[in-house]
Amino acid sequence: MKCLTCSFKERGVTIGLSRASLLTNTITLNKQDLKVRTRIGGNMESNSRLVQAGLLAVLLACYFHGTKAALAVTLTPTGQVSFKPGDQASFTCEMTDRTPGDILVWKKLNGGVWIEMATNSVLNPLFNNTGRYTYKTDMATFQILKYTMTIKIALEDAGPIRCMRGGNPALTKELSVTVLAPPTTVKINNVSAAGRELTFNSTQESEVSCVASGFNNANLLTMRITIVGRGDITDQFTSTVEYYNFTKDGLHGRAGRRALTNNRYIFNGADDNKDLQCVADYTGFTTLAGLVTVRVQGVPVITCTNSNRTTSVNQKGFKLTCPVISNPQLTSLVWVYGNERYPMGEPAKNGLSASYDITDSTKKHGEAVLTIESVAKEHFGEYKLQAANRLGDAVPEGKVTLWELGQSGSPASTAKSPVTKGKTGGSTSGAGAMASFVLLTGLMTVLQAALH
């Protein structure tokens with residue numbers, strides 16, 4: 001406790017005033033201004049109302065004279081503080097040894113300009129209307145004024161905040177607020193909702209991007225992009241980071257955007273109906289991910305480009321099959337045997353008919369089927385399969401060779417040579433061709449002998 005002493009000249013009457021936070025100061029009054037009698041022990045007696053009024057004046061003069069010399073502003077907390085979005089943060093500003101005219105002003109740096117958040121107990125409507133700010137006044141004593149600002153933290157609260165004595169910038173305290181904000185959205189080709197589909201062409205280069213936005217520290221963010229069931233493809237993408245300014249409820253903020261981009265990515269048919277996932281990991285926060293289903297379009301893909309089948313003569317309802325993938329759906333499917341064509345959906349011809357059976361719910365996978373009503377010798381041989389959709393023809397076309405089944409059932413060891421369909425629709429076996437060649441050679445030998 002410090003003591004303020006007021007002394008009267010000549011009589012040297014001393015009035016002791018004890019009060020916290022006051023510096024020692026001296027005010028002197030002339031004898032003729034006040035008539036005072038003193039007693040031992042510091043007690044005083046007055047003989048006029050003038051003395052009482054004078055003493056009150058002395059007390060007030062001493063009080064306010066000492067106050068202005070010791071005025072102070074403090075802010076709690078100090079320095080730099082960090083929060084997460086949604087945190088409740090409280091800042092307390094206290095002014096001690098104030099006079100009735102001293103006020104406190106809160107300020108925030110907003111878009112490069114300092115604006116008032118509050119003056120004494122009145123919130124600026126800009127902050128009051130957001131519903132995130134509350135303000136409390138606490139005047140413990142007449143000379144101590146304390147204001148507490150409570151904020152539900154958002155990204156736009158990042159930056160410096162000041163508390164100062166109004167009109168006196170020298171009495172200013174400042175702290176810096178850091179908001180550790182993770183991404184708020186993750187989008188793949190501008191699509192964020194799970195269950196959505198993206199369509200690509202298997203014969204063309206496509207632009208694929210994964211973008212995470214809303215964070216404020218790129219050093220805390222890692223991203224990866226995968227095709228579920230196939231693996232991580234992040235190393236095929238280029239990563240870029242940029243920051244952008246935004247305004248929300250009249251307050252300015254700054255956020256980041258990181259993109260993984262490949263402008264020349266080619267999906268293949270095997271990627272169709274798989275999930276493409278983009279994951280954003282922000283240190284200390286829950287992982288955020290975007291997910292879409294990939295649909296791959298392209299010309300049909302025929303997987304039986306060189307396959308073999310076996311069956312026996314007189315087999316009823318035998319089916320030659322070949323898997324076909326097509327997205328979009330097929331517009332044409334034709335089996336070719338010799339010079340004969342068997343398009344899907346047409347009536348049977350020569351005991352053969354073509355069809356296409358869809359094998360999955362996406363209507364993309366299916367089997368081309370050629371049904372032989374009753375297998376005969378002339379049905380053994382090479383069959384070709386042609387398919388097309390609105391994007392073009394399948395390349396290469398399919399090929400299935402039908403062999404006659406031997407005793408052991410193995411095409412490699414027991415199958416007879418397949419019949420090759422001729423242009424006239426007949427068939428010639430390998431043994432028959434060899435016999436004809438031998439006969440022709442013999443006739444030529446006889447003719448040459450006769451000429452000589």
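Structure shown above.
Residues numbered from 1 in each chain as written. Predicted model: local features only at pLDDT ≥ 70, side-chain atom pairs only at ≥ 80, totals over all residues. Heavy atoms only, no water.

What follows is about the overall build of the protein. Scanning the protein from terminus to terminus reveals 4 helices and 35 strands. For the protein, long-range pairs separated by at least 24 residues make up 61% of all intrachain contacts whose partners lie at least 6 apart in sequence. A total accessible area of about 24700 Å² is found for the protein, and carbon and sulfur atoms account for 51% of it. (Helix = DSSP H or I, 4+ residues; strand = E, 2+ residues; numbered from the N terminus. Contact = heavy atoms within 4.5 Å. Areas by Shrake-Rupley, 256 points an atom, 1.4 Å probe, with all protein chains shown as cover.)

Right, let's talk about the pattern of salt bridges for a bit. Under the definition given, this model contains 14 salt bridges. Linking Arg224 and Asp281 is a salt bridge whose minimum nitrogen-to-oxygen distance equals 2.7 Å. Here Arg224, found in strand E19 (residues 221–227), pairs with Asp281, found in strand E23 (residues 275–282); they are 57 residues apart in sequence, far enough to count as distant. Residue classification places Asp281 among the partly exposed positions, given a relative accessible area of 22%. (Salt bridge = Lys/Arg side-chain N within 4 Å of Asp/Glu carboxyl O. Buried < 20%, exposed > 50% of the residue type's maximum accessible area, 1.4 Å probe, protein only.)

Generally speaking, nonpolar side chains in soluble globular proteins are found buried as a group. Phe91, Trp106 and Met149 are the most contacted members of the largest nonpolar core, which has 31 residues in total. Excluding its chain neighbours within four sequence positions, the residues that come into contact with Met149 are Ala89, Ser90, Phe91, Trp106, Met117, Ala118, Leu123, Tyr133, Thr134 and Tyr135. Counting residues in hydrophobic clusters, the runner-up holds 26 residues, among them Met223, Phe267, Cys278 and Val294. (Core = buried A, V, L, I, M, F, W, Y, C linked by side-chain atoms within 4.5 Å.)

One pass over the structure, following the stated rule, counts 3 disulfides. Paired by a disulfide, Cys93 and Cys163 hold their sulfur atoms 1.6 Å apart. On the S-S bond that ties Cys93 to Cys163, the torsion sits near -80°, and the link is left-handed. Here Cys163 lies in strand E14 (residues 159–165) and Cys93 lies in strand E8 (residues 88–96), a separation of 70 residues in the sequence. Cys163 carries the same exposure label as Cys93, and that label is buried. Here Cys210 engages in a disulfide with Cys278; their sulfurs sit 1.4 Å apart. An S-S torsion of about -70° defines the bridge between Cys210 and Cys278 as left-handed. Of this pair, Cys210 sits in strand E18 (residues 206–215) while Cys278 sits in strand E23; the two residues are 68 residues apart in sequence, bridging distant segments of the chain. (Disulfide = S-S within 2.5 Å.)

Quick look at the side chain of Lys108 now. Mapped onto the elements, Lys108 comes out in strand E9 (residues 104–110). At 5.1 Å, Asp157 is the nearest oppositely charged side chain to Lys108, a buried residue that forms no salt bridge. Polar side-chain contacts of Lys108 include one of 3.4 Å to the backbone oxygen of Asp157. If near-sequence neighbours (up to four positions away) are discounted, Lys108 is found in contact with Val113, Trp114, Ile115, Met117, Phe127, Glu156, Asp157, Ala158 and Pro160. (Lys, Arg positive; Asp, Glu negative; His and termini not counted. Polar contact = N/O pair within 3.5 Å; in protein donor to acceptor, adjacent residues only side chain to side chain.)

The linkage connecting Thr76 with the following residue, Pro77, adopts the cis geometry, with an omega of -5°. Here Pro77 shows up in the loop between strand E6 (72–76) and strand E7 (79–83). A cis geometry characterises the amide bond from Asn327 onward to Pro328, with omega recorded as 15°. Looking at the element boundaries, Pro328 is found in the loop between strand E26 (316–327) and strand E27 (330–337). Although it is not a glycine, Asn190 adopts a positive phi angle of roughly 70°. Here Asn190 lies in the loop between strand E16 (185–188) and strand E17 (197–201). Owing to a relative accessible area of 62%, Asn190 belongs among the exposed residues under this scheme.

In spatial order, the strands read E16-E18-E22-E21; together these 4 strands make up an open sheet with antiparallel pairing. Looking at which strands have only one partner, the edges of the open sheet turn out to be E16 and strand E21 (238–248). Between one strand axis and the next, the sheet turns through 20° on average, direction left out of account. Note that E16 and E18 share 4 bridges and pair antiparallel. Opposite Thr185, over in E18, you have Ser213 as the bridge partner. (Pairing = 2+ DSSP bridges. Axes fitted to C-alpha atoms, helices over the stretch in contact; angles between N-to-C directions.)

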